[in-house]
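# Per-entry structural report
If you want the building blocks of each chain, they are given just below.
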Amino acid sequence: VYRDVIDNGRKVAKGTLPMMNDTWHRKMEVIRDSIPTNGIVLTWWDYGSWIKQIGKHKVFIDGHSQERPVTHWIARFLMSTNEDEALAIVRMLAHSSDRLFDTLSTYFDNPYVAISLMNRLMMSNREEADKILRNYKVPDSLSASLMVSLYGTPRDPVYILVYKEMIDITPAFSFLGNWEFPRVYYMKNLSLPKEQLIASAIKLFSLSKSDAVRLYTEVASVS
C-alpha cells in the first residue's frame with residue numbers, strides 16, 4: 001500500500017511543472033522596472049502574488065482575497081462595455097478598494113440596498129449621483145466619500161495588465177462580473193408572497209415590472 005502511494009506521488013511529481021517560467025519572470029521584471037513605485041496593477045487574481053513578490057507592486061486582488069467583494073468589481077471591470085462604468089470602478093478601487101461597499105452595507109444594514117445604490121452610481125455622472133444620494137438619504141459625510149471615490153482622481157496611478165491566457169478564463173470573470181443580484185434576492189426570499197416579493201424587488205433594484213416578473217419566474221422555476 002505504501003509503495004503504491006509513493007509511486008503515485010512520483011508520477012504526479014513528474015507531471016507537475018512550475019507555473020512560473022522565464023517569460024513570466026521577465027514580464028514581472030518589466031512591471032518592477034517600468035511602473036512607478038506607487039503604481040497599482042489591476043488584473044485578474046491569478047498572478048497577483050507574482051506581481052507583489054517579483055514585480056514589487058501593489059495589486060487589487062490576488063489568490064488570497066477572492067472571497068472579498070473586490071473580486072466582483074474586478075470581474076465587472078473586465079467585462080464592462082461602458083467606459084464610464086469601467087473608469088468609475090477603477091477610481092473606486094484605487095481610492096477605497098471594496099471598503100466603500102462595506103460602509104454602505106453597514107449604514108443601510110442591507111447589502112441589497114448597498115449594491116443597488118452602487119450600481120446606479122456607477123452608471124451616473126456627478127450631477128445625477130448627487131441626486132441619487134439625496135434620494136437615498138445618505139449622510140453628507142458618507143456622500144462626500146462616495147463622490148470622491150467615484151469621481152475624484154486617484155492619488156496612485158493604475159495600470160491594467162491583460163494577457164492571452166485571459167481568453168481561457170473568461171467564463172470565470174464573466175460569471176462573477178455579470179452577476180444579477182435581484183436573482184439572489186429572489187432566491188433568498190421565495191417564501192414571501194409573489195406579488196409582495198416582486199414589488200419589493202422593483203423598489204429595491206429599480207426594475208421594470210416586466211423584468212421583475214421575468215426574473216421571478218426564472219428563479220421560481222428552478223428547484
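Our structure is the block above this text.
Let me sum up the structure you'll find in this document. (Residues numbered from 1 in each chain as written. Predicted model: local features only at pLDDT ≥ 70, side-chain atom pairs only at ≥ 80, totals over all residues. Heavy atoms only, no water.)

Counting its secondary structure elements, the protein contains 13 helices and 3 strands. What you see for the protein is a C-alpha radius of gyration of 22 Å, clearly larger than the 17 Å of a compact globule of 223 residues, by over 25%. Each principal axis of the C-alpha distribution contributes one length, and for the protein these read about 65 × 50 × 30 Å. Counting only residues that meet the buried cut, the protein has 39% of its 223 residues in that class. Within the protein, contacts between residues separated by at least 24 positions form 59% of all contacts whose residues are at least 6 apart in sequence. (Helix = DSSP H or I, 4+ residues; strand = E, 2+ residues; numbered from the N terminus. Rg over C-alpha atoms; globule rule 2.2 N^0.38 Å. Buried < 20%, exposed > 50% of the residue type's maximum accessible area, 1.4 Å probe, protein only. Contact = heavy atoms within 4.5 Å.)

For K56, which is not glycine, the phi dihedral falls at a positive 60°. Structurally, K56 is set in the loop between α3 (48-53) and β2 (58-59). Since its relative accessible area comes to 55%, K56 is described here as exposed.

A few words on helix α2 (residues 22-34). Helical periodicity: at 3.6 residues per turn, an α-helix aligns residues three or four positions apart in one direction. Between the first and last C-alpha of α2 there are 18 Å, a value that for 13 residues agrees with the 18 Å anticipated at 1.5 Å per step. Among the residues making up α2, those that are buried are W24, M28 and I31. What you see down the axis of α2 is that its buried residues fit within an arc of 55°, all on one side. Exposed and oriented more than 90 degrees from the buried face of α2 are D22, D33 and S34. Next to the buried residues of α2 lie β1 (40-42) and α3. (Expected span 1.5 Å × (residues − 1). Arc of directions from axis to C-beta.)

As a further point, take the side chain of S116. Mapped onto the secondary structure, S116 falls in helix α7 (residues 111-122). Those residues in contact with S116 that sit more than four places away from it in its chain are Y136, L204 and F205.

Our next topic: the side chain of T71. Of note, T71 is situated in helix α4 (residues 70-79). Here T71 falls in the buried class, since its relative accessible area comes to 6%. Dropping the residues within four chain positions of it, T71 is found in contact with W44, I61, S65, Q66 and L176.

Sheet strands associate in pairs through backbone hydrogen bonding, adopting either a parallel or an antiparallel arrangement. Spatial strand order, β2-β1-β3: 3 strands in an open sheet with parallel pairing. Across the chains shown, the open sheet's two edge strands, defined by having one partner strand only, are β2 and β3 (158-160). The pairing of β1 with β3 spans 3 bridges and is parallel. Looking at the pairing, L42 lines up with I160 of β3. (Pairing = 2+ DSSP bridges.)

Below, the discussion takes up the pattern of salt bridges. Taken as a whole and judged by the stated rule, the model has 12 salt bridges. Two residues, D7 and R10, come together in a salt bridge whose shortest N-O distance is 3.8 Å. Of the two residues, D7 and R10 both sit in helix α1 (residues 2-14), 3 residues apart, roughly one turn of that helix. A relative accessible area of 54% places R10 in the exposed class. Residue R183 is joined to E218 by a salt bridge in which the shortest nitrogen-to-oxygen separation is 2.7 Å. Here E218 lies in helix α13 (residues 209-220) and R183 lies in helix α11 (residues 181-188), a separation of 35 residues in the sequence. Classification of E218 as partly exposed rests on a relative accessible area of 30%. Linked through salt bridges whose partners overlap, the residues forming this network are E180, R183, D211, R214 and E218. (Salt bridge = Lys/Arg side-chain N within 4 Å of Asp/Glu carboxyl O.)

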